[in-house]
Amino acid sequence: SPLRHNLLHWICGAGTMADDGKKTASEAAFEAMKLESRVKAIYGFYFYGFKPDSFNSNIGLSIREFIYVYETYCEKHYITVKDLLLSLHFCWKYPEGHAGASVWRFKCRQTYASKIWKPIIILSATMKEIKIENRRKSVLHITGPEEYCSLYTDSTDCMVNKPKHGDAKKYYTFKRRKFAMRYAICVSCDTGDICWVSDGDPAGSIGDITINRRGGIAEQLEFFERIGADGAYRCKRDPQYRCPHRKPRNGTLTEEQIKENNAFGARRSVVENVFARLKQFQCMTRWRHNRDLHPIVAKFVFNMLQVKQRFRPIRNLKDVPADVYEELATESWAEAEQKGKPIPLAPPKRKRGRPKGSKNKVRPRRRRRVVIDEVSSDTDSSDNDQLHNGQNNRIITDEFSAQCHGERLDSIARRTRRATKRAQL
């Protein structure tokens with residue numbers, strides 16, 4: 001009915017402030033209404049009723065997670081409930097303009113597009129869910145194949161549209177045979193909390209370990225901490241990365257090394273679990289907007305993943321109570337600070353070319369010479385002709401070089417004719 005439509009329209013506008021700093025009439029009227037009831041009413045108006053499973057399948061977050069984001073970050077930036085629902089639905093389902101406008105009952109897709117980007121841009125810049133301090137929530141293992149590994153790192157490629165300018169080669173990845181942006185993350189070893197995310201780089205022009213070097217993640221860790229990674233991060237310049245055992249050339253791994261690799265891979269799979277949650281957002285599997293907006297949306301999505309991790313952890317430690325686990329984590333970090341050893345210094349980077357002042361100076365290029373057994377009497381000895389072991393070394397001239405080349409071609413032609421005759425016989 002028109003009355004119900006106007007009522008819900010006032011609810012959607014609740015949370016805004018008037019020009020004079022006072023609360024609006026809609027906010028004053030619904031001040032006593034609980035936020036959860038407001039969210040259910042707004043969602044039910046556009047999706048024909050509220051159900052927890054329906055809310056999670058259309059928005060990507062549960063009702064508790066949505067309320068946490070709104071109360072923590074949205075109210076102080078004057079983002080309404082409807083605007084946040086719009087942005088989350090856009091990232092989760094990634095509908096086209098006309099489809100999204102029909103769901104949210106806008107008259108044109110331009111109006112729908114204008115409502116989407118404000119919450120995404122503001123929240124991607126203000127949300128502080130991803131912090132390097134999240135790694136201390138996990139118990140640090142001091143023994144075993146993953147000893148002192150506080151973080152696990154890896155990178156993933158998110159597909160984007162093909163560039164129309166000359167930078168298409170930078171974005172093309174031969175692994176996926178598509179154009180993509182590459183994001184690297186670091187998660188805590190035991191719980192899977194996101195501790196660091198890169199800004200996003202073209203997938204075809206940069207490697208995994210280079211992204212971590214530019215991000216300076218190793219400089220933010222303690223002296224005893226290590227980073228667990230796959231074989232792509234194995235490098236002498238970065239001894240803080242702990243990688244699985246590599247199969248030797250023309251050899252095999254021992255049974256103990258195979259068991260250690262299996263245990264290491266099982267614990268490192270927490271990174272792949274985070275990527276699995278990431279690819280549930282459809283905007284991270286395909287992209288049709290401007291590529292400059294992709295890192296902004298990716299940062300927004302990663303923060304939402306950390307909110308999910310807060311309420312629905314990837315590795316749920318049901319056997320250990322939360323307070324007991326916090327005590328174990330604190331004790332393990334204190335023990336690691338006492339028993340941990342510093343990271344060995346990396347060998348200096350070898351510079352290309354010879355160092356300055358070295359004795360092995362670059363010699364001038366020698367001119368080509370040919371050995372002639374018989375020395376004609378009419379040739380005069382000069383600086384270019386020198387006797388060596390009873391023979392004469394003479395500098396090859398252009399005429400002499402052409403003569404030798406012609407004789408070589410003649411000999412090749414003779415051998416070809418002989419082979420042709422044998423084949424005919």
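Everything numeric in this text was worked out from a predicted model, so none of it was measured. (Residues numbered from 1 in each chain as written. Predicted model: local features only at pLDDT ≥ 70, side-chain atom pairs only at ≥ 80, totals over all residues. Heavy atoms only, no water.)

*Asks:* Is there a simple way to think about helix H6 (residues 81-93) in this case?
*Replies:* Structural remark: α-helix, 3.6 residues per turn; residues separated by three or four positions point the same way. The first and last C-alpha atoms of H6 sit 18 Å apart over 13 residues, in line with the 18 Å expected at 1.5 Å per residue. In terms of burial, H6 is largely enclosed, as 12 of its 13 residues are buried. Listing the buried residues of H6 in full gives Val 81, Lys 82, Asp 83, Leu 84, Leu 85, Leu 86, Ser 87, Leu 88, His 89, Phe 90, Cys 91 and Trp 92. Where H6 terminates, the next one or two residues include Tyr 94, which has phi positive at roughly 50 degrees. (Helix = DSSP H or I, 4+ residues; strand = E, 2+ residues; numbered from the N terminus. Expected span 1.5 Å × (residues − 1). Buried < 20%, exposed > 50% of the residue type's maximum accessible area, 1.4 Å probe, protein only.)

*Asks:* I keep staring at the packing of helix H3 (residues 35-47) against helix H5 (residues 63-74) and nothing clicks. Help me out?
*Replies:* Viewed as axis vectors pointing N to C, H3 and H5 meet at an angle of 115 degrees, and their least axial separation amounts to 11 Å. Between H3 and H5, the angle is such that the two are roughly perpendicular. For the pair H3 and H5, the sense of crossing is right-handed. Residues Leu 35, Glu 36, Arg 38 and Val 39 of H3 form the contact with H5, whose own contacting residues are Ile 63, Phe 66, Ile 67, Tyr 70 and Glu 71. (Axes fitted to C-alpha atoms, helices over the stretch in contact; angles between N-to-C directions. Parallel < 35°, antiparallel > 145°, perpendicular 65-115°, else oblique. Left-handed = near helix turned anticlockwise from the far one by under 90°. Contact = heavy atoms within 4.5 Å.)

*Asks:* For this particular structure, what's the right way to read the layout of surface pockets?
*Replies:* The method is simple in principle: a probe with the dimensions of a water molecule rolls over the atoms, and the space it marks as empty is what remains. Each pocket or cavity is described by its volume, and for the largest pocket that value is around 490 Å³. In terms of lining residues, the largest pocket is bounded by 18 residues, among which Lys 137, Thr 191, Asp 193, Ala 322 and Tyr 325 are the most central. Secondary-structure elements contributing two or more residues to the lining of the largest pocket are helix H12 (294-311) and helix H13 (322-339). Take the lining of the largest pocket: its biggest share by element is five residues, from H13. (1 Å grid on protein atoms, 1.4 Å probe; cavity = no way out; pocket = protein on both sides within 12 Å on 5 of 7 lines; lining within 4 Å. Points joined across faces, edges and corners; volume = space filled by probe spheres on them.)

*Asks:* What is the right way to read the environment of Ile 206 from this model?
*Replies:* Examined against the element boundaries, Ile 206 turns out to sit in the loop between strand E5 (201-202) and helix H10 (208-215). Judged by its relative accessible area of 10%, Ile 206 is buried. The spacing of Ile 206 and Tyr 171 is 35 residues in sequence and 9.6 Å in space, taken between C-alpha atoms. Among residues more than four places away in sequence, those in contact with Ile 206 are Arg 182, Asp 201, Ile 211 and Arg 214.

*Asks:* Teacher, can you tell me more about the nonpolar core here?
*Replies:* One broad rule of soluble globular proteins: the nonpolar side chains tend to lie buried together. Cys 91, Leu 123, Cys 283, Met 284, Val 301 and Phe 302 are the most contacted members of the largest nonpolar core, which totals 69 residues. When near neighbours in sequence (up to four residues on either side) are disregarded, Cys 283 contacts Cys 91, Tyr 94, His 294, Val 297 and Val 301. Counting 15 residues, the second largest nonpolar core, distinct from the first, contains Ile 132, Cys 186, Ile 206 and Ile 209. (Core = buried A, V, L, I, M, F, W, Y, C linked by side-chain atoms within 4.5 Å.)

*Asks:* Can you walk me through a negative patch on the surface in this structure?
*Replies:* Together, Asp 323, Glu 326, Glu 327 and Glu 331 make up a region of like negative charge exposed at the surface. According to the relative accessible area criterion, Glu 327 is exposed, its value standing at 51%. (Patch = residues over 30% accessible without salt bridge, like charges linked within 9 Å, V, L, I, M, F, W, Y side chains within 5 Å. Areas by Shrake-Rupley, 256 points an atom, 1.4 Å probe, with all protein chains shown as cover. Salt bridge = Lys/Arg side-chain N within 4 Å of Asp/Glu carboxyl O. Lys, Arg positive; Asp, Glu negative; His and termini not counted. Charge placed at Lys NZ, Arg CZ, Asp CG, Glu CD.)

*Asks:* What should I look at first to understand the pattern of salt bridges in this one?
*Replies:* Oppositely charged side chains may form a pair once their charged atoms are brought near each other. Overall, the coordinates contain 12 salt bridges when judged by the stated rule. Residues Glu 129 and Arg 310 are paired through a salt bridge, measuring 3.2 Å at the closest nitrogen-oxygen approach. Of this pair, Glu 129 sits in the loop between helix H8 (109-126) and strand E1 (149-159) while Arg 310 is found in helix H12, placing the two residues 181 residues apart along the sequence. Across the pair Glu 225 and Arg 135 runs a salt bridge, and its minimum N-O distance is 2.8 Å. With Glu 225 in the loop between H10 and strand E6 (226-228) and Arg 135 in the loop between H8 and E1, this residue pair connects regions lying 90 residues apart in the sequence. For Glu 225, a relative accessible area of 0% corresponds to the buried category. Residues joined by salt bridges that share partners form a network here, namely Arg 136, Glu 222 and Glu 337.

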